[in-house]
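# Descriptive analysis of the structure
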Amino acid sequence: MKSEFLTILNDRGFIHQATDLEALDACMGEGSVAAYIGFDATATSFHVGSLIQIMVLYWLQKTGNHPLVLIGGGTTKIGDPTGKDESRKLLNDNEIQENIKSLSKVFERAIAFGKGPKDAILLNNADWLDTLNYSTFLREYGTHFTINRMLSFESVRLRLEREHPMTFLEFNYMLLQAYDFLELYKRYGCLLQIGGSDQWGNIINGVELVRRVAHKTVFGLTTPLITTSSGAKMGKTSQGAIWLNADLLSPYDYWQFWRNTEDQDVGRFLRLFTTLSLDEIKRLEALEGAEINEAKKILADAATAFIHGEEAVKEARATAQKLFESSGANLEEASLPTLSLSEGELEKGMSILDVFHRLGLTASKGEARRLIEAGGARLNDVPIKDALLTLTVASFESKTALKLSAGKKRHGLVKKLTNF
RNA sequence: GGAGGGAUGGCCGAGCGGUCAAAGGCAGCAGACUGUAAAUCUGCCGACGUACGUCUACGCAGGUUCGAAUCCUGCUCCCUCCA
């Protein structure tokens, strides 16, 4: 590898497949290249599954290339059939707009947007897709696609084989994504599209369309699907996805997610999801036994800082330290789910089951009861034995906050509100 | 168009008139062991009630029956074979 960008990607394990790696490398070695990554606007937040793409954007910019962030405001109206057994419910314009607004916040910390030649640009393909004229589009681009070939793509073939219906609308998705590439090539001289490995088919369609229409060789590159060593897809937990937006998953929980990485994944994740130097990572992943916990903290710090910023890291780390490393510390400041009870409520007494439920530590009161029976519930680190326990003013003694724990890792605070 | 099979809890999958809140597996949660890891072992795993209990749930809508996830009718969706 000659180019800085591809060297980094290669060393850090970002490359799964590429159309012509050598030619791309030569091209990127010569100067700044505009490259794009497309994102669906199907949810209000990304989760860690998309994080690898965001890291790639960071490295693009870091190595002097020109990142184009494409949000699929237009293609989301179609719905990417890739990897899906049946068509998704279609979103309306409003929902898509909301999603775009909420999604784009994530990029701001990772890359710099602006008007300069190396500043990232945020784009929405609705800007060109919405105004396409059907018959013109068919005449100009429809001739470059054969049904024979389109039917051979995995996304289509699977549906056909299983006799799950695929609508004509969805069938067209790949044409529109291919057209995006062409449009970005024309507008910004974009030479490279990067995406997850499942996007391979869509990406090569774009490469091909640009070659046929503009007679230019452009490139495609995919990143691997990241799984944990135990084989699970990244970021799926019982609590739901590991969201990147703080309103869906608190920075503390995000930090914890990384803190709890399996030993075997630490090195790989440090390379992919932090920007630490490779030397440093080598040192960290060589740690053995309990020592590797230090590496996990560094991973959690770096990954959290990348998305939520240094402030959030400090808070998360302080909270974690209070919870796990020092007992009886002052918890007032900790960033935990908190329930404030008024004096009125405390006069009457509040069932401990209700408190667990309202704190979100358990999904129902029954679950809270089972937790207590299993010995996993604690009040200020003392196991709760009685499910009938009620919290009253007296429970607080001289303190203003109580710590409730569900297992070792999930905690919440109950505060006493003073009326006056 | 014809013939047959199927739809069960987050997923897979048994049950085929009462003993069914529904076997078993996976996922999940808790406990033990550890290192906030993995593996292993143990317990839990619809909601509500302190509890004998009540409610909701086996594709949808009706029906038969003292009693239905289980039988009947209609509907919807899926699968297999034949044309």
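Let's shift gears to the overall build of chain A. Helix and strand counts for chain A come out as 20 helices and 15 strands. Each principal axis of the C-alpha atoms in chain A carries an extent, and together these give about 80 × 50 × 45 Å. The 420 residues of chain A split such that 48% are buried. Long-range pairs, those at least 24 residues apart, make up 72% of the contacts in chain A between residues at least 6 apart in sequence. Only carbon and sulfur atoms are counted for the fraction: they give 50% of the accessible area of chain A, which is about 20500 Å². Distance between charge centres in chain A, computed from 48 positive and 53 negative side chains, equals 1 Å.

Across the sheet, which stays open at both edges, the five strands sit in the order β9-β15-β14-β11-β12 with mixed pairing between neighbours. The open sheet has two edge strands with one neighbour each: β9 (338-341) and β12 (382-383). Relative to strand β15 (residues 410-416), strand β14 (residues 401-406) runs antiparallel, the two being bridged by six bridges. Following the sheet pairing, L404 is matched in β15 by G412. Strands β9, β11 (377-379), β14 and β15 of the sheet are contacted by helix α19 (residues 352-359), whose axis makes an angle of about 80° with β14.

With that out of the way, let us pick up the environment of G13. Topologically, G13 is positioned in the loop between α1 (4-12) and β1 (17-18). Separated by 193 residues in the primary sequence, G13 and G206 have C-alpha atoms spaced 24 Å apart. Once you skip the residues sitting within four places of it in the chain, G13 turns out to touch P224 and L272.

Residues F5, L51, I54 and W258 are the most contacted members of the largest nonpolar core, which totals 98 residues. Of all the elements, helix α3 (residues 48-62) adds the most residues to this core, at 10 residues. Ignoring any residue separated from it by four or fewer positions in sequence, one finds I54 in contact with F39, F46, V106, F107, A110, L244 and F306. The next biggest cluster of nonpolar side chains, apart from the first, holds 23 residues, and it includes L359, L361, A368 and A377.

What follows deals with the pairing of β9. Where burial is concerned, the two faces of β9 differ: the one with L339 and L341 is buried and the one with T338 and S340 is not. Of the pairings in the sheet, the one linking β9 to β15 comprises four bridges and is parallel in character. Considered in β15, the bridge of T338 is made with L413.

For the rest of this paragraph, the subject is the pattern of salt bridges. Counted according to the given criterion, the structure contains 13 salt bridges. Among the ionic pairs, E280 bridges to R283, the shortest N-O distance being 3.3 Å. In this pair, E280 and R283 are both assigned in helix α15 (residues 278-285), three residues apart and thus about one turn of the helix distant. Of the residues examined, R283 reaches a relative accessible area of 47% and is grouped as partly exposed. A salt bridge links D381 to K403; the shortest N-O distance between them is 3.1 Å. A residue pair is termed long-range when its members are at least 10 positions apart, and D381 in the loop between β11 and β12 and K403 in strand β14 qualify at 22 residues.

A separate point is the sheet that holds strand β3 (residues 66-71). Ordered by their spatial adjacency, six strands build an open sheet running β1-β6-β5-β2-β3-β4, and the pairing between neighbours is mixed. Two strands close off the open sheet at either side, each with one partner strand: β1 and β4 (121-124). In this structure, strand β2 (residues 34-39) lies alongside strand β5 (residues 192-196), joined through three bridges in parallel fashion. Note that in β5 the partner of A35 across the bridge is L192. Against the sheet, helix α12 (residues 200-214) makes contact with β1, β5 and β6 (219-223), and its axis sits at roughly 170° relative to β6, the strand it touches most.

Rules and cut-offs
Residues numbered from 1 in each chain as written. Chains lettered and ligands numbered in written order. Predicted model: local features only at pLDDT ≥ 70, side-chain atom pairs only at ≥ 80, totals over all residues. Heavy atoms only, no water. Helix = DSSP H or I, 4+ residues; strand = E, 2+ residues; numbered from the N terminus. Buried < 20%, exposed > 50% of the residue type's maximum accessible area, 1.4 Å probe, protein only. Contact = heavy atoms within 4.5 Å. Areas by Shrake-Rupley, 256 points an atom, 1.4 Å probe, with all protein chains shown as cover. Lys, Arg positive; Asp, Glu negative; His and termini not counted. Charge placed at Lys NZ, Arg CZ, Asp CG, Glu CD. Pairing = 2+ DSSP bridges. Axes fitted to C-alpha atoms, helices over the stretch in contact; angles between N-to-C directions. Core = buried A, V, L, I, M, F, W, Y, C linked by side-chain atoms within 4.5 Å. Salt bridge = Lys/Arg side-chain N within 4 Å of Asp/Glu carboxyl O.

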